[in-house]
Each structure stands twice: as C-alpha cells, then as structure tokens.
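Analysis of the macromolecular model
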Amino acid sequence: MASNLPASHDKQTSTSPQSVADSVSAAGSTAQDEVIELCHDLLRIDSVNRGNGDGNERSAAEYVAAKLAEVGLEPTLLESAPGRTSVIARVEGSDPGRAPLLIHGHLDVVPADPSDWRVHPFGGEVVDGSLWGRGAVDMKDMDAMTLAVVRDLVRSGRRPPRDLVLAFVADEEAGGTLGARWLVDNHPHLFADCTEAISEVGGFSYTVSDDLRLYLIETAQKGIAWMKLTVAGRVGHGSMTNDDNAVTALCEAVARVGRHRFPVVLTPTVRVFLNSVGEALGIDIDADDLETTIAKLGPIARMIGATIRNTANPTQLDAGEKVNVIPGEATAYVDGRFLPGQEEEFLRQIDELIGPAVRRDWVVFDQALETGFDGPLVDAMASALKAEDPSARAIPYMLSGGTDAKSFSRLGIRCFGFSPLLLPPDLDFSGMFHGVDERVPVESLRFGVRVLDRFLAAS
Ligand SMILES: [Zn+2]
C-alpha cells in the first residue's frame, strides 16, 4: 500500500510543521500511516449485508478484534446470529469520574456490482489518491480511523480523559436488528454509563471558499416510517365493469401520497444550519422559497432539501397476475420520513392522504433524533477541526436518513455524526453513500485521524 502513496507521506516526513505542531498531532503520525492500511484491509473483507438476515460480518469483526488485541486491549465478540458479529472494547481513561464516550461504527456494507465500477469494489485499491471500495465512506473509513487512533493512543500510553467504549457492529444497513439494536436490547450494560456518542455521516467538509470550509456535524436525523399500503377490492373478469377495482383505488392513494408536498417545518437544527449556510455563502435565506436557497448548495442539496419537511416516496407496487383478471388485492410500499417532533402530525397527514379504504401497516418505524449543538463535546469537535484546518467552521445539520444512533439513543446517549474528513470541493460526497465508485481520498483519512486524535485528547 505504502508504495502507492505520495512520497511526502513517508514516515521520514514526520518532522513536517504539521506533525510537530504539538505532542498531540506528533503522536498521531503513526496512526496517519496506519489508517490507510487498516482501511485497505477492511475494504478487502466482504461484509455485504443483503438484508432480511443475509449478511456476514464475522471476518471483519475478527480483523478488528485482532487489531485491538494486538495493542493489549480486550475486545469481546458478540454474535446475534451465526456470522452476525459485533466487537466491543473499552479503553481506560485517565479520569474515572467522567462518563465514557461511545464510538460506534458498523462493519457491514451494502452490495456492489463490480461490473458497474471503475475499480473493483472489494479490492481496496489506491487510485488517483483515493482508496476505492464499498464502505470507503460508509463506513469502513471511520472504522479504520477509530482503530488507528485508538491503537496509537494505547501504544504510546497516552490516556484519553474519558473511558472510550468502542462498538464495531453488524447489520446497520438493515436497521441494526442484528447489530446495534440487538446489543442495546440484550447487552445494555455494555453502554450503561455512556452519555455521548460519535459515529458516521457528519464532520465532513463543505467548501465555501479557500478560507472558509463548513464542517457539517450531525445533531439530528429524521424518523423512519416505512409502510405497506393494502387495498382490497372485488375480483372479476377484466372484460366486465367493476367499480371496486383494488388496483385503481391503490394507485389513486399512492399518487396522492407521492404528489403531496408536505409543509415546511424548520426544527432548531435546520434553522441554525440554514442561517449558517446563508451567512457563509452571503445569500439571504428566503423563508418562503427555501428550495431556491438549498439548490445553491450543489450536490448536498438532495440530502438537505429533505430535512425541511416530512417526505413520503412510493417505492414498490404489487398487484395481479394476469392482464384479464382484476385482482382482489393490491399493495404498495412507501418510504416515509418524518422530522423530529412531527411523528403524530405525519401519521395524521398520511392517513388523510390515503383515506379510510386503504390499510396501512408499518414495515419499519423508528424515532427521529435531535440534540443541541452545544456543550464541551461539541466544543471539542469544533476546536479539533479548527486546529487542523484554520478555515474550518463547524455547524450542525440534520441527516435525512437514519443510523445506529437511533438504537444507542434509546439508552439516553446523545448521539452525534462526527467522522471528520476534509474533502476536495468537487467530490460528490453524498453521492458516494451506497453509490457506484465509492471512494475516500487518502489525505482525507489522514486528516480525519489527526482531528480524531485531538478530539479524543480534549473530550
Ligand atoms: Zn453507514
């Protein structure tokens, strides 16, 4: 791996101004070398999660456990089902009076078809300065950064102030039923005293100009309301009249849901986010036309645009077997997502849209989250970013999707998305998630390690 990297990153350059800035970043230089190898190795391990219980994280979990044990930690492997393995470890802090910090990362990835990719999705190759592979940003990058920083801390005898609880978990990509949720339900004592957590989909940069980069820290995420809609009608011959056609009635309901534009509701997180972005870009936030403002954000507009309102997208349809037979039942699936505080209102909106003749069943229902952008932990994130990137400005944002934070927050843990990466301005970062040609710049990983190292020392 090292031979693929630019020469300036050899260990000999550890006397560069950046790495001797202080003892913290100097100690992190070993981790910066190691993170690339760790991420490369993890990307080469197939831990694809196909959903419905079809996945296998055991090899990835054993790899992680071995890397932790190598430096003297005592990882525990836990299996919810054969092959569905999670790893938990604890790093002792210097102040036993402080509550531990949870760092959680999932080991599974979504499937990838090599024929769609420019570089093999399970090769872990470095091409054009980036590590390519399924999981490069979601989220073997953060798994590797966490491993690299923790190994370095332990090896060098530098204790973080707080205990760290590390959780490398299975099954996030299928809702965590066999991973985070299973751990929280069956082994809550492992996380009992944790008060705060960091994990994926936050802490990445959004470049405004050479001297201003916004780093989006995830402090909120929408709730999940995946539903099945069913309409029953009268079976009949396709040649005859039928005023009780299940297909027709279902399609009307689905069209009403799909075409509906839910009203704009700004939660505190989104309000702060939009004001910060408006100020940074020098644009006025037009409350009556937020779409126009958001469209100016480029590729992340897709994700941000979904955080100003509830959404419901029809995704699957099923009815009938033969063109001349009117079926007695028709079903559809809808991916619903509601804002924090909007759970009841969303249900009311959906039921009004589908009407009384349509039966609604939940396929997956999980809470929305929102926490404040304040406190010492947030300060530690902001100052660690600033120390490594003088142009950094940390701001909160809401994720339109969901993560394992939903499970861990059930234990009263304040969850943040903080996997720091300084990204090239032209990288379509949100398009990398579950996308083709997923990759992470090598320099971004090194940056992430430096920031995490500082963050853990200060948190
Ligand atoms: Zn993920």
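Predicted, not measured: the structure shown is a model, and the values here were computed from it.

Conventions and cut-offs
Residues numbered from 1 in each chain as written. Predicted model: local features only at pLDDT ≥ 70, side-chain atom pairs only at ≥ 80, totals over all residues. Heavy atoms only, no water. Helix = DSSP H or I, 4+ residues; strand = E, 2+ residues; numbered from the N terminus. Buried < 20%, exposed > 50% of the residue type's maximum accessible area, 1.4 Å probe, protein only. Contact = heavy atoms within 4.5 Å. Areas by Shrake-Rupley, 256 points an atom, 1.4 Å probe, with all protein chains shown as cover. Lys, Arg positive; Asp, Glu negative; His and termini not counted. Charge placed at Lys NZ, Arg CZ, Asp CG, Glu CD. Pairing = 2+ DSSP bridges. Axes fitted to C-alpha atoms, helices over the stretch in contact; angles between N-to-C directions. Donors = N, O, S within 2.8 Å, 3.2 Å for Na, K, Ca; no water. Tetrahedral: all angles 85-135°; square planar, octahedral: opposite > 155°, others 65-115°. Core = buried A, V, L, I, M, F, W, Y, C linked by side-chain atoms within 4.5 Å. Domains from an automatic or database assignment. Phe/Tyr/Trp six-rings, centres within 6.5 Å; stacked < 30°, edge-to-face > 60°. Lys NZ or Arg CZ within 6 Å of the ring centre and 35° of its normal. 1 Å grid on protein atoms, 1.4 Å probe; cavity = no way out; pocket = protein on both sides within 12 Å on 5 of 7 lines; lining within 4 Å. Points joined across faces, edges and corners; volume = space filled by probe spheres on them. Buried area = accessible area lost by both parts, 1.4 Å probe. Salt bridge = Lys/Arg side-chain N within 4 Å of Asp/Glu carboxyl O. Nonpolar A, V, L, I, M, F, W, Y, C, P; charged D, E, K, R; others polar.

**Quick word on the overall build of the protein**
Looking only at helices and strands, the protein has 13 helices and 21 strands in total. Residues counted as buried form 55% of the 459 residues belonging to the protein. A separation of at least 24 residues holds for 79% of the contacts in the protein among residues at least 6 apart in sequence. Taken as a whole, the protein presents about 19200 Å² of accessible surface, with 49% of it coming from carbon and sulfur. Looking at the protein, you have 42 positive and 67 negative side-chain charges, and the mean spots of the two groups are 1 Å apart.

**A few points about the sheet that holds strand S21 (residues 439-441)**
Here we have three strands laid out as an open sheet, ordered S6-S7-S21, and antiparallel in their pairing. The strands lining the two open edges of the sheet, one partner per strand, are strand S6 (126-127) and S21. Pairing analysis gives two bridges linking S6 to strand S7 (residues 130-132), with the strands arranged antiparallel. Each bridged residue has a counterpart across the sheet, and for Val 127 the counterpart in S7 is Ser 130. Against the sheet, helix H13 (residues 442-458) engages S6, S7 and S21, with an angle of about 65° to S21.

**Some words on the coordination of the zinc ion**
For the zinc ion, every protein donor is listed as His 106 (NE2), Asp 138 (OD), Glu 200 (OE) and Glu 200 (OE), and the spread of their distances is 1.7 to 2.8 Å. For the zinc ion, the four donor atoms in the first shell make angles of 50 to 151° at the metal, a pattern classed as irregular. Read N to C, the donor residues that coordinate the zinc ion are spaced as H-x31-D-x61-E. Residue His 106 is found in strand S5 (residues 101-106), and its partner Asp 138 is found in the loop between S7 and helix H3 (140-156); the two are separated by 32 residues along the sequence. In this structure, His 106 and Asp 138 share a single accessibility class: buried.

**As for the nonpolar core**
Across soluble globular proteins, nonpolar side chains have a tendency to be buried as a group. Ranked by size, the top nonpolar core spans 90 residues in total, and within it Leu 68 and Phe 455 carry the most contacts. Residues lining this core come from more than one domain, with at least three contributed by each of domain 1 (18-208 + 397-458) and domain 2 (220-366). Not counting the four nearest positions on each side in its chain, Leu 68 is found in contact with Leu 73, Pro 75, Val 87, Ala 89, Leu 147, Val 150, Leu 166 and Phe 168.

**Thoughts on the packing of aromatic side chains**
What characterises a pair of aromatic rings is the spacing of the ring centres plus the angle enclosed by the ring planes. Tallied over the entire structure, the rule returns ten aromatic pairs. When the ring of Phe 429 is compared with that of Phe 433, the centres are 5.2 Å apart and the planes differ by 85°; the resulting orientation is edge-to-face. With relative accessibility at 8%, the residue Phe 429 sits in the buried group. An aromatic cluster is defined as three or more aromatic residues linked by ring pairs; in this entry it consists of Phe 262, Phe 338, Phe 346, Trp 362 and Phe 365. Over the ring of Trp 132 we find Arg 439, and its NZ or CZ is 4.7 Å from the ring centre.

**Considering the environment of Gly 336**
Among the structural elements, Gly 336 can be located in strand S16 (residues 329-338). Classification of Gly 336 as buried rests on a relative accessible area of 0%. In this structure the C-alpha to C-alpha distance between Gly 336 and Arg 439, which are 103 residues apart in sequence, comes to 29 Å. Setting aside anything within four residues of it in sequence, one finds Gly 336 in contact with Gly 223, Ile 224, Ala 225, Trp 226, Met 227, Thr 311, Ala 312 and Phe 346.

**Observations concerning the layout of surface pockets**
Taken as a whole, the largest pocket spans an internal volume of roughly 1500 Å³. Lining the largest pocket are 44 residues, and of these Ile 224, Trp 226, Arg 337, Gly 401 and Gly 402 sit closest to its centre. Where the lining of the largest pocket is concerned, the elements lending two or more residues are strand S12 (223-232), helix H8 (301-305), strand S14 (311-319), S16, strand S17 (359-366), helix H11 (405-408) and helix H12 (429-432). Counting only domains with at least three residues in the lining of the largest pocket, you end up with domain 1 (18-208 + 397-458) and domain 2 (220-366).

**Let's talk about the domain arrangement of the protein**
Split by domain assignment, the protein resolves into domain 1 (18-208 + 397-458) and domain 2 (220-366). In this structure, domain 1 and domain 2 have C-alpha centres spaced 32 Å apart. Each partner contributes residues to the interface: domain 1 has 17 residues there, and domain 2 has 24 residues. When domain 1 packs against domain 2, the two sides together hide about 1700 Å² of surface, and 62% of this comes from carbon and sulfur. Run the count over domain 1 and domain 2 and you get two salt bridges. Salt-bridge contacts for Asp 366 lead to Arg 410; the nearest nitrogen and oxygen are separated by 2.9 Å. Mapped by element, the contributors of at least two residues to the side of domain 1 that touches domain 2 are strand S10 (204-209), strand S19 (392-399), H11 and H12. Split into classes, the residues belonging to the side of domain 1 that touches domain 2 amount to seven nonpolar, six polar and four charged.

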